[in-house]
Amino acid sequence: MTSPFISLSRRAVLFGAAAAGLAAAPLGAAALAAPIPPAAAGLKPLRFAWNANAACLAPVALAKSSGLFAKYGLDVELVNYSGSTDQLLESLATGKADAAVGMALRWIKPLEQGFDVKLIGGTHGGCLRMLGVQGTGVTADITSLKGKTVGTPDLGGPDKNFFSLLAQKRGLDPVKDIAWRQYPADLLPVAAEKGEIQAFSHSDPLTWLFLKRHSFLFEVATNLTGEYLNRLCCLIGVRGSLLRQDRAAAESVYRALLDAQTLTHAEPRLTAEAFQPYSPKASVEDLIAMLKSHTHGHSPVGTAFRQEIVAYAEELKQINVLKPTTDPQKYADRVYVNVLAG
């Protein structure tokens, strides 16, 4: 369904985003324990946790600033969550937050532990990149990483998991054939320039900006490479008790974000302007280019979403991230609820 907000003035969007940015400074677990403020008249208060540093989540800022959440009856407070994924899921499970959005490859493993959190749909694909260093023997082929040292900001992170999956599918052993080394994200290009690593992986906006600013870097692969072109990257989760107590609110969250994704796909400048106050190091034009490189028109729900969760679960078992005893089909049935059905 085409959103009625496409005609919204860019100035209004930017003004709203700037105001929202003032109220969404980076916070950790303590922020989610604070009382939820009174809702606007007639709207249901809802606390939504996200990572305001992730450019691929920019449609969340648009949903807030453009009134899409309010359109579906929600008074949403955005909380910029800086804790671990386990802490975030625990906050959802215990009611300190109502909903959140994050990377599938960061959520699927901790959800195996049985948190009272349900997935309700996907948002987009793209935003993870593997960058290579010119003149090191690395090429635009993941198999060229064999015998190389590769940097990552998190040895258990979604970028390492994804590119390990891709390497395995191309015939490499991602443990024996690639030497992974951890660095702070902002030092990855420094380590590359010093010759300590021959490639590194991370997410936007940093990888996009690194690629733009350093001529010795080039793109090896992304999480839209090959058979992953139509695979989701990020997804939406809600606390289980919200589904049991107010399923309509969970549906409203998804519909608002689905509209935001549709609008981002059609009018990326609106979303870039809404998100830019959260990402001042990236220009609006940079953010537009990043958003266009993602697949914000790919927001699966229903059977399509469930199949993608099953596929990731099967693949994560293959690289020993999920337990050998985990059944991907039963796992998907346990963690997914289609809020748009019935």
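Residues numbered from 1 in each chain as written. Predicted model: local features only at pLDDT ≥ 70, side-chain atom pairs only at ≥ 80, totals over all residues. Heavy atoms only, no water.

- An unreviewed UniProt entry lists the protein chain under the name ABC transporter substrate-binding protein, from Phaeospirillum tilakii.

Description of helix H14 (residues 302-318)
Next up, step 1: Helix length check: H14, at 17 residues, gives a terminal C-alpha distance of 25 Å against a target of 24 Å (1.5 Å per residue), a fit within 8%.
Next up, step 2: Taken residue by residue, H14 has Gly 302, Phe 305, Glu 308, Ile 309, Val 310, Ala 311, Tyr 312, Ala 313, Glu 315 and Leu 316 as its buried positions.
Next up, step 3: Phi turns positive, to about 65°, at Asn 320, one or two residues after H14. (Helix = DSSP H or I, 4+ residues; strand = E, 2+ residues; numbered from the N terminus. Expected span 1.5 Å × (residues − 1). Buried < 20%, exposed > 50% of the residue type's maximum accessible area, 1.4 Å probe, protein only.)

Let's talk about the side chain of Asp 159
Next up, step 1: With respect to the helices and strands, Asp 159 occurs in helix H7 (residues 158-169).
Next up, step 2: Summary of buried charges: Asp 159 has no salt-bridge partner, and the nearest side chain of opposite charge, Arg 106, is 5.3 Å away.
Next up, step 3: In terms of polar contacts, Asp 159 uses its side chain to reach the side chain of Ser 201, at 2.6 Å.
Next up, step 4: Once residues within four sequence positions are removed from consideration, Asp 159 is found in contact with Leu 128, Thr 152, Pro 153, Ser 201 and His 202. (Lys, Arg positive; Asp, Glu negative; His and termini not counted. Salt bridge = Lys/Arg side-chain N within 4 Å of Asp/Glu carboxyl O. Polar contact = N/O pair within 3.5 Å; in protein donor to acceptor, adjacent residues only side chain to side chain. Contact = heavy atoms within 4.5 Å.)

Here we look at the nonpolar core
Next up, step 1: In terms of nonpolar packing, the biggest core is built from 96 residues, with Phe 48, Trp 50, Trp 107, Leu 111, Phe 163 and Ile 309 touching the most fellow members.
Next up, step 2: Ranked by residue count, the leading element in this core is helix H11 (residues 247-266), at 7 residues.
Next up, step 3: Setting aside residues up to four positions removed in sequence, Ile 309 forms contacts with Ile 108, Leu 119, Leu 235, Tyr 331, Ala 332 and Val 335.
Next up, step 4: Listed in part, the 11 residues of the second largest apolar core include Leu 131, Tyr 183, Phe 210 and Phe 216. (Core = buried A, V, L, I, M, F, W, Y, C linked by side-chain atoms within 4.5 Å.)

A closer look at the state of the cysteines
Next up, step 1: Considering all chains together, one arrives at 0 disulfides under this definition.
Next up, step 2: Cysteine Cys 127 remains unbridged, with the sulfur of Cys 233 as its closest cysteine sulfur at 3.4 Å.
Next up, step 3: When its relative accessible area of 3% is taken as the criterion, Cys 127 is described as buried.
Next up, step 4: Of all cysteine sulfurs in the structure, the one in Cys 233 sits closest to Cys 234, which takes part in no disulfide; the separation is 3.8 Å. (Disulfide = S-S within 2.5 Å.)

Considering the environment of Glu 77
Next up, step 1: Here Glu 77 is to be found in strand S2 (residues 74-80).
Next up, step 2: Classification of Glu 77 as partly exposed rests on a relative accessible area of 27%.
Next up, step 3: Along the backbone, Glu 77 and Ala 49 are 28 residues apart, and their C-alpha atoms lie at a distance of 8.4 Å.
Next up, step 4: A polar contact is formed between the side chain of Glu 77 and the side chain of Arg 47, at a distance of 3.0 Å.

Topic: the sheet that holds S2
Next up, step 1: Within the open sheet, the 5 strands sit side by side as S2-S1-S3-S10-S4. Their pairing is mixed. Edge positions in the sheet fall to S2 and strand S4 (117-124), since each of these pairs with one other strand and no more. Taken pair by pair, the neighbouring strands of this sheet meet at an average axis angle of 25°, ignoring direction. (Pairing = 2+ DSSP bridges. Axes fitted to C-alpha atoms, helices over the stretch in contact; angles between N-to-C directions.)

Points about the sheet that holds strand S7 (residues 179-182)
Next up, step 1: Strand order in the open sheet formed by 5 strands is S7-S6-S8-S5-S9, with mixed pairing between adjacent strands. Of all the strands in the sheet, just S7 and strand S9 (217-222) have a single pairing partner and so form its edges. Strand-to-strand twist of the sheet, defined as the mean angle between neighbouring strand axes without regard to direction, takes the value 30°.
Next up, step 2: Pairing analysis gives 5 bridges linking strand S5 (residues 128-133) to S9, with the strands arranged antiparallel. Within S9, the position partnered with Leu 131 by the bridge is Glu 219.

With respect to empty space enclosed by the protein
Next up, step 1: Under the criterion given, the structure shown has 1 cavity of 30 Å³ or more.
Next up, step 2: In this structure, the largest cavity encloses a volume near 40 Å³.
Next up, step 3: Lining the largest cavity are Met 103, Ala 104, Leu 105, Leu 128, Pro 158, Asn 223, Leu 232, Cys 233 and Tyr 312.
Next up, step 4: Each residue belonging to the lining of the largest cavity can be placed in one class, and the counts come to 8 nonpolar, 1 polar and no charged. (1 Å grid on protein atoms, 1.4 Å probe; cavity = no way out; pocket = protein on both sides within 12 Å on 5 of 7 lines; lining within 4 Å. Points joined across faces, edges and corners; volume = space filled by probe spheres on them. Nonpolar A, V, L, I, M, F, W, Y, C, P; charged D, E, K, R; others polar.)

Some points on the confidence of the model for the protein chain
Next up, step 1: For the protein chain, mean pLDDT is 88; residues scoring 70 or higher make up 88% of the total.
Next up, step 2: Low pLDDT, under 50, characterises residues 1-37; the predicted model gives this stretch 68 contacts beyond four residues in sequence or across chains. (pLDDT = per-residue confidence, 0-100.)

Some points on the pattern of salt bridges
Side-chain pairing between opposite charges can occur once the charged atoms of the two side chains come close.
Next up, step 1: Tallying each qualifying case throughout the model produces 17 salt bridges.
Next up, step 2: Linking Glu 219 and Arg 129 is a salt bridge whose minimum nitrogen-to-oxygen distance equals 2.8 Å. Of the two residues, Glu 219 is situated in strand S9 and Arg 129 in strand S5; the sequence distance between them amounts to 90 residues.
Next up, step 3: Residue class for Arg 129 comes out buried when judged on its relative accessible area of 5%.
Next up, step 4: Among the ionic pairs, Arg 306 bridges to Asp 333, the shortest N-O distance being 2.9 Å.

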